[in-house]
Amino acid sequence: MGMAREVFGESLPVAERYAEFLADAGVVRGLIGPREVDRLWERHLINCAVVAEVIPQGAQVVDIGSGAGLPGVVLAIVRPDLQVTLLEPLLRRTTFLNECVDMLELRNVQVRRARAEEVTREFAVDVATARAVAPLERLVTWALPLLRPGGELLALKGERAAAELEEARPVLKRFGVRTSELLQVGRGMVDPPTTLVRVVAERVPRRAKGSRKRSS
Ligand SMILES: C[S@@+](CC[C@H](N)C(=O)[O-])C[C@H]1O[C@@H](n2cnc3c(N)ncnc32)[C@H](O)[C@@H]1O
């Protein structure tokens, strides 16, 4: 628990209530595997919380495919300055997420029931996050249209992060992306540290090049 205190600081009691809800209702409703309960803090809460290291103050964040709230709920707990939208298409999961928001009294969170590719006109946020949602080459096609120009996707990826970034190169090129990189966050706090793929949206396109309508 020592590391949890260090990571969550004064938000620790809220994080503890969230962990209890995941271990209880989350398991009963099939949103978290029973085997995850013993490693909830290390593999889920702390692993997600350390992403806050690279999110700017006051950012608007969309968490794509939030599921039971990872990483979106955790980021909202550890960083009350963020405005977080949890984007999740499945009703059973948005019900769970709304209950979390009420129970934890998270005033900086909204839940939006939709698929990412359906709501591109609604968002122009600073940061999109996603964990375990889709391969990077598909994820970027959902995430980049939700970002403001210069905004960034932070995709939590495991061992295949570098390979997925390579596979996504053609798509990144189509979107005119010039900045994409691997980052590690949470060194010394979680083992292994969390690997992120960071992709910065370019200043211009909302659609991939080549799919743009011609003006004449
Ligand atoms: C394996 S779960 C991961 C949930 C959570 N991010 C986590 O790490 O525990 C993938 C989630 O992505 C959601 N999802 C799938 N396709 C999506 C889409 N097109 N837009 C938004 N969410 C999507 C699913 O409903 C599911 O909740």
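A brief look at the structure comes next. (Residues numbered from 1 in each chain as written. Predicted model: local features only at pLDDT ≥ 70, side-chain atom pairs only at ≥ 80, totals over all residues. Heavy atoms only, no water.)

### Thoughts on the nonpolar core
Stage number 1. Ranked by internal contacts, the top residues of the largest apolar core, which has 49 residues, are F8, Y18, W41, L45, I55 and I77.
Stage number 2. The element that contributes the greatest number of residues to this core is helix 2 (residues 12-28), accounting for eight residues.
Stage number 3. Excluding residues within four positions of it along the chain, I77 makes contact with F8, S11, V14, A15, Y18, L104 and L106.
Stage number 4. In this structure, I64, A116, A134 and L146 belong to the second largest nonpolar core, which totals 31 residues. (Core = buried A, V, L, I, M, F, W, Y, C linked by side-chain atoms within 4.5 Å. Buried < 20%, exposed > 50% of the residue type's maximum accessible area, 1.4 Å probe, protein only. Helix = DSSP H or I, 4+ residues; strand = E, 2+ residues; numbered from the N terminus. Contact = heavy atoms within 4.5 Å.)

### Some points on the site of the ligand
Stage number 1. For the ligand, the set of nearby residues contains 16 residues, the closest of which are G65, L70, E88, R93 and R131.
Stage number 2. R115 is positioned such that a nitrogen or oxygen atom in its side chain is 3.2 Å from a nitrogen atom of the ligand.
Stage number 3. Side-chain polar atom of E117 to a nitrogen atom of the ligand: 2.9 Å apart, as the coordinates give it.
Stage number 4. Considering the ligand on its own, with 600 Å² of exposed area, one finds that the protein chains cover 79% of that surface.
Stage number 5. Tallied by class, the residues present in the shell around the ligand amount to eight nonpolar, three polar and five charged. (Near = heavy atom within 4 Å. Polar contact = N/O pair within 3.5 Å; in protein donor to acceptor, adjacent residues only side chain to side chain. Areas by Shrake-Rupley, 256 points an atom, 1.4 Å probe, with all protein chains shown as cover. Nonpolar A, V, L, I, M, F, W, Y, C, P; charged D, E, K, R; others polar.)

### Some thoughts on the pairing of strand 5 (residues 147-157)
Stage number 1. For strand 5, a buried count of nine out of eleven residues is recorded, marking the element as mostly surrounded by other parts of the structure.
Stage number 2. Pairing between strand 4 (residues 125-131) and strand 5: six bridges, direction parallel. In the strand pairing of strand 5, R131 is matched with L156.
Stage number 3. In terms of handedness, the path from strand 4 via helix 6 (residues 136-143) over to strand 5 forms a crossover that is right-handed.
Stage number 4. In this structure, strand 5 lies alongside strand 7 (residues 194-200), joined through six bridges in antiparallel fashion. Note that in strand 7 the partner of L154 across the bridge is R198. (Pairing = 2+ DSSP bridges. Right-handed = clockwise from strand over helix to strand, strands pointing away.)

### Section: the sheet that holds strand 6 (residues 179-185)
Each strand in a sheet pairs with another by means of backbone hydrogen bonds, the pair being arranged parallel or else antiparallel.
Stage number 1. The strand order across the open sheet built from seven strands is 3-2-1-4-5-7-6, with neighbouring strands paired in mixed fashion. Pairing within the sheet leaves two strands with one partner each, and these edge strands are strand 3 (109-112) and strand 6. Across the sheet, the axes of successive neighbouring strands diverge by a mean angle of 20 degrees, strand direction being ignored.
Stage number 2. Note: strand 1 (residues 60-64) against strand 2 (residues 83-87), five bridges, orientation parallel. Bridge pairing in strand 2 links Q60 to Q83.
Stage number 3. Each of strand 4, strand 5 and strand 7 touches helix 3 (residues 40-49); the most contacted strand, strand 4, lies at about 160 degrees to it.
Stage number 4. Relative to the sheet, helix 6 contacts strand 1, strand 4, strand 5 and strand 7, its axis offset from that of strand 5 by approximately 150 degrees. (Axes fitted to C-alpha atoms, helices over the stretch in contact; angles between N-to-C directions.)

### So, helix 3
Stage number 1. Helix 3 sits mainly inside the fold: eight of its ten residues count as buried.
Stage number 2. Residues of helix 3 that are buried: L40, W41, H44, L45, I46, N47, C48 and A49.
Stage number 3. Its buried side turned inward, helix 3 meets helix 1 (2-8), helix 2, helix 4 (72-78), strand 4, strand 5 and strand 7.

### Brief notes about the pairing of strand 4
Stage number 1. Among the seven residues that make up strand 4, seven are buried, leaving the element largely enclosed by the rest of the structure.
Stage number 2. Relative to strand 4, strand 1 is paired through four bridges, and the arrangement is parallel. Bridge assignment links I64 to a residue of strand 4, and that residue is A130.

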